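So the chains spell out like this:
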Amino acid sequence: MEKIKVEICCGTACYLLGAEKLMNIEDMLPEECRGKVEIEARTCLDLCERENLGGAPYVRFNGSEIMDRATPERVISRILELVEGIG
Ligand code: FES
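Quick notes on the rules
- Residues numbered from 1 in each chain as written.
- Predicted model: local features only at pLDDT ≥ 70, side-chain atom pairs only at ≥ 80, totals over all residues.
- Heavy atoms only, no water.
- Helix = DSSP H or I, 4+ residues; strand = E, 2+ residues; numbered from the N terminus.
- Buried < 20%, exposed > 50% of the residue type's maximum accessible area, 1.4 Å probe, protein only.
- Contact = heavy atoms within 4.5 Å.
- Core = buried A, V, L, I, M, F, W, Y, C linked by side-chain atoms within 4.5 Å.
- Polar contact = N/O pair within 3.5 Å; in protein donor to acceptor, adjacent residues only side chain to side chain.
- Pairing = 2+ DSSP bridges.

As a further point, take unusual backbone geometry. The peptide bond linking Ala 56 to Pro 57 adopts the cis configuration, its omega dihedral lying at 0°. One non-glycine residue, Asp 46, adopts positive backbone phi at about 75°. Tracing the chain through its elements places Asp 46 in the loop between strand E2 (37-42) and helix H3 (47-50). Judged by relative accessible area, which is 48%, Asp 46 ranks as partly exposed. The backbone of Asn 62 shows a phi angle near 50°, a positive value even though the residue is not glycine. Of the residues examined, Asn 62 reaches a relative accessible area of 41% and is grouped as partly exposed.

In structure tokens:
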């Protein structure tokens, strides 16, 4: 099974608006997600300019799905859905 790719934006806007809290998300993942997720920190994903600065912090799943206003809770729950094959 291919790993679920999670890119966390660590650009200035996202970092200042909360991406810092997403940095240790790997340690918060439930047991069933371990080894199934690849988490990477990225420099600016260009969404703060293209979309809207107020949407930061941004996280991208599997190269295309964007989550704005990401929080550890929301990111973990989306990872769980993806691991379970829902949505
Ligand atoms: S700083 Fe995150 S999208 Fe630009």
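The subject of this paragraph is the environment of Cys 9. Its location among the elements puts Cys 9 in strand E1 (residues 4-9). Using a relative accessible area of 2% as the deciding quantity, one classes Cys 9 as buried. Setting aside anything within four residues of it in sequence, one finds Cys 9 in contact with Cys 14, Ala 19, Arg 42, Thr 43, Cys 44, Leu 45 and Tyr 58.

On to the nonpolar core, then. In terms of nonpolar packing, the biggest core is built from 25 residues, with Val 6, Leu 22, Val 37, Val 59, Phe 61, Val 75 and Ile 79 touching the most fellow members. The element that contributes the greatest number of residues to this core is helix H4 (residues 72-83), accounting for 5 residues. For Val 75, the contacting residues outside a window of four places in its chain are Val 6, Leu 22, Ile 25, Val 59, Phe 61, Met 67 and Ala 70.

Let us look at the environment of Arg 42. By secondary structure assignment, the location of Arg 42 is in strand E2. Taking the C-alpha atoms as reference points, Arg 42 and Val 6, 36 residues apart in sequence, are found 9.9 Å from one another. At 2.5 Å, the side chain of Arg 42 and the side chain of Glu 40 are in polar contact.

Turning our attention to the pairing of E1. For E1, the buried fraction is high: 5 of the 6 residues fall into the buried class. Judged from the 6 bridges that link them, E1 and E2 form a sheet pairing that is parallel. Directly across from Ile 8, in E2, lies its bridge partner Ala 41. Across 3 bridges, the pairing between E1 and strand E3 (residues 59-61) is antiparallel. Across the sheet, Glu 7 pairs through a bridge with Arg 60, a residue of E3.

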